[in-house]
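Tertiary structure, described
In case you want the letters, here they are:
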Amino acid sequence: MKPAQLLVLPLVLQCSALALDNIQFPITGSCMDLGAVVRKYCPELSPLEALYKHVHQHPELSGRELQTASLISEHLRGLGLNVTKGVGGHGVVGVLRNGDGPVVLLRAELDALPIQELTGLPFASTQFMEDSWGRRQPVMHACGHDMHMASLMGAAQLLLNARSEWTGTVVVLFQPNEEHTGGAQAMIDDGLYEKIGIAYPDAVFAQHLMQTPTGSVSIKPGPVLVSAETVRIRMFSSEGYIANPQRSVDVSVVVSKVILALQELVREVSKGGSYASIYTEEMHAGEPGADWVSHADIVLDVKAYDPAIRSQLLNGIKLIVEREASISGAVRRPEITVSERAPLTTNNPDLSKQLRGVFTKFFGHGNVLEGVPTHPCEDFSRLATPVGAPYVFWFLGRADPRLLDRARKDGVRFADVIPIEHSPYNAPLIHPTLETGIYALSLAALSVLTVPSS
Ligand SMILES: *[C@@H]1O[C@H](CO)[C@@H](O)[C@H](O)[C@H]1NC(C)=O
């Protein structure tokens, strides 16, 4: 993660007065300048900032995004888009048809997290709600979905304002239930493309906040988000009272050995430098007060970028679990179920190179980064892959460069100064994050739509 230059951040709520004006935009002059279009038609930011703050203060949990979806669909209707609600749960889709040409889909997410906000912001959430399992939970937009929504709304407005400059169709999609990585598939299963009368989009784009400097974007071809599998394992003890270990299997010891062996597996598999991770999310054995433990369960989160590494991890888990079960003398064979939590997200090489060029021209070299500092996963690509559409997912900086600079000077980790995604302290700098997000989405759309050269 290489932070960009320090930006001076004026508190002016106009795209045209954005800090990015300090940056040189190299002019190639060969084709229509998309930068000129987005600068000319950028909407007023204060209503979008108000939308951001409202959504931030009224977060809703995954699968329960009723109010947020209503608010978003009203805004889209207000703009004059054709809106379809209730797709795959609370999903909202706005369509802007503007003559013949390519179809571009831009996506944001509606849901927030069961986290108690500790930012101390004047518009901090104090909300609680019941989750899908009936538990009362605090709720917070700790993953930036509020900023994604405000940026996408801004981009919809920009592209609407600029409709004389392009032809084609823009689809703005607000996906429910991203945090459980189920919403994108639910929208597809609910007949998303049939419902909006579009066979397939020519390109699909999304962005995600990241702990990089505000005013910057990070984009690269190829794998950008890890694949994630949930592996559920049940191992069995044998008949016999635990006070007679010579005649029984202590399944707690067996699963402990499995967990340690899995860490050796990770080390072995990642020796060539590839990313691999196995995280033990849960382990349970027995019931409090009961002196008979019939089985133990562990739940693993398995992550990788490389499909070959993913297979090595999954095969390795199976071998280790069966080996330890067999050594223990358990009569019943272990049960292993693997379910995909998130697919690998791999940016289309040509489209991401093209977009990187567009971003570099507009934001300047110092503000277009490559790094993907952490290993997040997402279900975004499920909107594109079933219809064979190319997609690009990039990261949008949100961190105060002054804090990043201080971390660098003090030699401390950025994570100690800038809260990460899903932290209760996560408080993105609103400007110029919002306008950068609007510009990035609009530029991506225009780079695919038909823009006649003037
Ligand atoms: C909405 O749908 C109608 C009917 O298909 C179409 O004529 C109109 O252009 C659409 N409006 C937008 C903004 O896409």
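As the structure is a prediction and not an experimental result, all values here were calculated from the model.

The strand order E1-E2-E6-E3-E7-E16-E8-E15 describes an open sheet built from eight strands, whose pairing is mixed. Of all strands in the sheet, those bounded by a partner on one side alone are strand E1 (82-87) and strand E15 (368-369). Inspection of the sheet shows strand E7 (residues 203-213) paired to strand E16 (residues 391-399) by eight bridges, in the parallel sense. Bridge assignment links Leu-209 to a residue of E16, and that residue is Leu-396. Here helix H9 (residues 349-363) sits on the sheet in contact with E7, strand E8 (217-218), E15 and E16, set at roughly 35° to E16.

Domains assigned within the protein chain are domain 1 (3-224 + 344-446) and domain 2 (227-342). Here the C-alpha centre of domain 2 lies 38 Å away from the C-alpha centre of domain 1. Taken together, the ten residues of domain 1 in the interface contact ten residues of domain 2. Together domain 1 and domain 2 conceal approximately 900 Å² of surface at their shared face, both sides included; 55% is due to carbon and sulfur atoms.

Counted by the stated rule, this structure contains ten aromatic pairs. Ring geometry for Phe-393 versus Phe-395: centroids 5.6 Å apart, planes at 80°, classification edge-to-face. Residue classification places Phe-395 among the buried residues on the basis of a relative accessible area of 2%. Against the face of Phe-236 rests Arg-332, its NZ or CZ located 3.9 Å from the ring centre.

Conventions and cut-offs
- Residues numbered from 1 in each chain as written.
- Predicted model: local features only at pLDDT ≥ 70, side-chain atom pairs only at ≥ 80, totals over all residues.
- Heavy atoms only, no water.
- Pairing = 2+ DSSP bridges.
- Helix = DSSP H or I, 4+ residues; strand = E, 2+ residues; numbered from the N terminus.
- Contact = heavy atoms within 4.5 Å.
- Axes fitted to C-alpha atoms, helices over the stretch in contact; angles between N-to-C directions.
- Domains from an automatic or database assignment.
- Buried area = accessible area lost by both parts, 1.4 Å probe.
- Phe/Tyr/Trp six-rings, centres within 6.5 Å; stacked < 30°, edge-to-face > 60°.
- Buried < 20%, exposed > 50% of the residue type's maximum accessible area, 1.4 Å probe, protein only.
- Lys NZ or Arg CZ within 6 Å of the ring centre and 35° of its normal.

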